[in-house]
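Results of the structural survey
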Amino acid sequence: MAQVRLSGIGKTYPDGTSAVKGLDLDIADGEFLVLVGPSGCGKTTALRMVAGLEEISSGTLTIGDRVVNRTPARDRDVAMVFQSYALYPHLSVRDNIAFGLQLRKLPKRAIKERVEEAAETLGLTEHLDRRPRNLSGGQRQRVAMGRAIVRQPQAFLMDEPLSNLDAKLRVQMRAEISRIQRDLGVTTVYVTHDQVEAMTLGDRVAVLKKGVLQQVAPPQELYNHPANLFVAGFIGSPAMNLLQGRLDADGPGARLELGGQALAVPARLLAERPRLREYLGRDIAVGIRPEDMDDADLDGADGGAVLSSTTDLVEALGPELLVHFQVPAPPVVTEDTKELARDAGADNVDAAAPYSDVIARFSPRSQARSGRPVRVRVDTGRLYFFDPATGDGIWDEPASATQQKEGTHA
Ligand SMILES: Nc1ncnc2c1ncn2[C@@H]1O[C@H](COP(=O)(O)OP(=O)(O)O)[C@@H](O)[C@H]1O
Ligand SMILES: [Mg+2]
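Quick notes on the rules
Note on numbering: residues in each chain are counted from 1, in written sequence order. As a convention, the first chain written is A and the first ligand written is 1, with the rest following in written order. In keeping with the model being predicted, local features are shown solely for residues with a pLDDT of at least 70 and side-chain atom pairs are shown and tallied solely at 80 or more, while totals for entire chains, interfaces and linings include all residues. Excluding hydrogens and water, the side-chain values take into account all heavy atoms of the structure. A residue's pLDDT is the confidence the predictor assigns to it, expressed on a 0 to 100 scale. A contact between two residues is defined here by any heavy atoms of the two lying within 4.5 Å. The definition of a nonpolar core used throughout is a set of buried Ala, Val, Leu, Ile, Met, Phe, Trp, Tyr and Cys residues joined through side-chain atoms within 4.5 Å. Note on classification: 1.4 Å probe, protein chains only; a residue is buried when its accessible area is under 20% of the maximum for its type, exposed when over 50%, partly exposed between these limits. Domain extents, as shown, originate in an automatic or database domain assignment. By convention, the term buried area covers the 1.4 Å-probe accessible surface removed from two parts as they join, with the contributions of both added. Salt bridges are defined as contacts in which a side-chain nitrogen from Lys or Arg sits within 4 Å of a carboxyl oxygen from Asp or Glu. What qualifies as a polar contact is a pair of N or O atoms within 3.5 Å, subject to a donor-acceptor requirement within protein and to the restriction that residues adjacent in sequence count only when both atoms come from side chains. Each helix is a run of DSSP H or I of at least 4 residues and each strand a run of E of at least 2, with the numbering of both proceeding from the N terminus. We call Asp, Glu, Lys and Arg charged. Ala, Val, Leu, Ile, Met, Phe, Trp, Tyr, Cys and Pro are nonpolar, and the rest, Gly among them, are polar. We call a residue near a molecule or strand whenever a single non-hydrogen atom of that residue lies within 4 Å of it. Using the Shrake-Rupley algorithm and a 1.4 Å probe, accessible areas are obtained, with residue cover drawn only from the displayed protein chains. DSSP-based pairing: two strands are paired if at least 2 bridges between them are found. Only the stretch in contact is used when a helix axis is fitted, and all axes are lines through C-alpha atoms; the angle between N-to-C directions ranges over 0 to 180 degrees.

Observations regarding the confidence of the model for the chain
With 94% of its residues at a pLDDT of 70 or more, the chain shows a mean pLDDT of 92. pLDDT under 50 marks residues 399-410. Its contacts with residues more than four places away, or in other chains, come to 19 contacts.

Take a look at the structure:
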């Protein structure tokens, strides 16, 4: 096991595509780091450079205390698990798992021991003599994991290993990967475009956009203190609602104007984030998480501030209601939000639109119905604010945001 360090790693393909730019990541010994971002943002390229399957154009890659930029893949002592399991169909599970060890000419006895131990860990013991075609998708994925485990590598590298599984199996395998990684304590770099997978697996999560690192932090830190609009909109489902507003001083607090309606911003929030004072009297990008809103007509729902609208759609999900409504404030349109819209497969957001679509998560006690007037209570102590020009989050201690700031200017 070892620490993996990427310093200013870049990749330019022969056709001129700049897939990864100045990537700095320090992955601690035994850490589970998830690299997440939309399709095409450079995740696979970054992982393949660590594996030695792709030449590094710039920067320094260190595994343990060795610089390995020029070290061939087979000598880097890392094991990669791919999305396609890449199993040999004519070999048994046992031989598939043992394959790499046989190539390395390990003694037969040692191979047998390691294979059986891995099979035990993965619940494959009864299947060792079967062929891959007789296994379920989840079992095949486990065989692919087994092949990585028996090599006892310095690091695991996994590229969307669960994306070929159905939703239920994915959740199950996710828990299993987490358990195995913890048991073995092997440094792991895991690539996914699924933010839920990223949040549940990672000790830390690195968010990549167009080859540039946006933020790297523990999951909850990313969620609570996104460095910019891109991270804010990418992490969380339903996504954070982003609207253009205006902030004005109002006693010790502030007044947030959102499409003709005013919300009182508590003095406490301004005290915690003094930089917000620079935005008084100016336009500002406002973020509201769906769960920071609820039905204002419910008993005991006081405090906060209220937005009035009419519901477009109410989706009853059991534990919550997803309430869709419009607020007459324009949506936030920046490079970040355009990239998010592209990733979501949505049409480009129209900056000139006078209305924003908003989604709130209401308590199941709410009587909200589609097409009816609704009063939405907003927990204004939990609002997110971003600079409307740069898209940067307005926080006072940039905490995890500092580490990658150079990258955003690349
Ligand atoms: N061999 C290649 N030659 C040129 N461009 C490539 C090659 N492989 C990937 N790319 C481009 O590099 C970018 C990053 O790709 P990739 O690393 O596969 O992203 P991800 O894994 O995040 O989906 C994309 O724009 C992709 O089209
Ligand atoms: Mg990929």
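Brief notes about the nonpolar core
Val34, Ile97, Ile177, Tyr190, Val207, Ile235 and Phe386 are the most contacted members of the largest nonpolar core, which has 56 residues in total. Taken domain by domain, this core gets at least three of its residues from each of domain 1 (4-229) and domain 2 (230-386). Counting 33 residues, the second largest nonpolar core, distinct from the first, contains Leu276, Met293, Phe362 and Val374.

Considerations on the domain arrangement of the chain
Domain annotation for the chain reports domain 1 (4-229) and domain 2 (230-386). Residue-level contacts link 20 residues of domain 1 with 23 residues of domain 2. Between domain 1 and domain 2 the total buried area reaches about 1,800 Å² when both faces are included, carbon and sulfur atoms providing 66% of it. By the criterion of area lost to domain 2, the three top residues of domain 1 are Gln195, Tyr223 and Leu229, representing 44% of everything that side buries. Taken together, the links from domain 1 to domain 2 amount to three salt bridges. Put simply, Glu339 and Lys210 hold a salt bridge, and the shortest N to O gap is 3.8 Å. The tally of links from domain 1 across to domain 2 stands at eleven residue pairs in polar contact (both at pLDDT 80 or more). Of all the elements in the fold, those that place two or more residues in the side of domain 1 that touches domain 2 are helix H6 (195-201), strand S9 (204-209), strand S10 (212-217) and helix H7 (219-224). Considered class by class, the residues forming the side of domain 1 that touches domain 2 number ten nonpolar, eight polar and two charged.

Some words on the environment of Leu258
Counting through the fold element by element, Leu258 comes out in strand S12 (residues 253-258). With residues near it in sequence (within four places) discarded, Leu258 still touches Leu243, Gln244, Gly245, Leu263, Val286, Ile288, Val327 and Ala329.

Quick look at the site of ligand 1
Around ligand 1, a shell composed of Tyr13, Asp15, Thr17, Ala19, Pro38, Ser39, Gly40, Cys41, Gly42, Lys43, Thr44 and Thr45 is seen. Within the backbone of Cys41, one N or O atom sits 3.2 Å away from an oxygen atom of ligand 1. Within the side chain of Thr44, a nitrogen or oxygen atom sits 2.8 Å from an oxygen atom of ligand 1. Here ligand 1 has 560 Å² of accessible area as a free molecule, and 60% of this is covered by the chains. The element contributing the most residues to the shell around ligand 1 is helix H1 (residues 43-51), with three residues. In terms of residue class, the shell around ligand 1 is built from four nonpolar, six polar and two charged.

Observations regarding the side chain of Ser366
Among the structural elements, Ser366 can be located in the loop between strand S18 (356-362) and strand S19 (373-378). Here the side chain of Ser366 touches Ala368 through a polar contact of 3.0 Å, landing on its backbone nitrogen. Ignoring anything within four residues of it in the chain, the contact list for Ser366 reads Asp295, Leu298 and Leu321.

Section: the sheet that holds S9
In a beta sheet, neighbouring strands are held together by backbone hydrogen bonds and run either parallel or antiparallel to one another. Read across the open sheet, the six strands follow the order S6-S7-S8-S3-S9-S10; overall the sheet is mixed. At either margin of the open sheet sits one strand with a lone partner, and together these are strand S6 (78-81) and S10. When the angles between neighbouring strand axes are averaged without regard to direction, this sheet yields 15°. Two strands pair when backbone bridges link them, and S9 and S10 are joined in this way by five bridges, in the antiparallel orientation. The residue bridging Ala206 from the neighbouring strand is Val216, located in S10. Most of the contacts of H1 go to strand S7 (residues 155-159), to which it runs at about 150°, and overall it touches strand S3 (32-36), S6, S7, strand S8 (187-192) and S9.

Quick look at the pattern of salt bridges
Counted according to the given criterion, the structure contains 20 salt bridges. The salt bridge partner of Lys210 is Glu335, with a shortest N-O separation of 2.8 Å. Of this pair, Lys210 sits in the loop between S9 and S10 while Glu335 sits in helix H10 (residues 335-343), and the two are 125 residues apart along the sequence. Linked by salt bridges that have partners in common, Arg94, Lys112, Glu116 and Asp129 make up one network.

Structural notes on the sheet that holds strand S13 (residues 261-265)
With antiparallel pairing, the five strands of this open sheet are ordered in space as S13-S12-S11-S14-S20. Edge positions in the sheet fall to S13 and strand S20 (384-386), since each has one partner strand and no second. Neighbour-to-neighbour, the strand axes of this sheet turn through a mean angle of 40°, independent of strand direction. Of the pairings in the sheet, the one linking strand S11 (residues 241-250) to strand S14 (residues 282-288) comprises seven bridges and is antiparallel in character. The partner of Leu242 across the bridge, within S14, is Gly287.

Some words on the pairing of S19
By the bridge criterion, three bridges tie strand S15 (residues 293-295) to S19 in an arrangement that is antiparallel. The residue bridging Asp295 from the neighbouring strand is Val376, located in S19. With six bridges joining them, strand S16 (residues 305-316) and S19 adopt antiparallel strand pairing. Counted as the bridge partner of Ser308 is Arg375 from S19.

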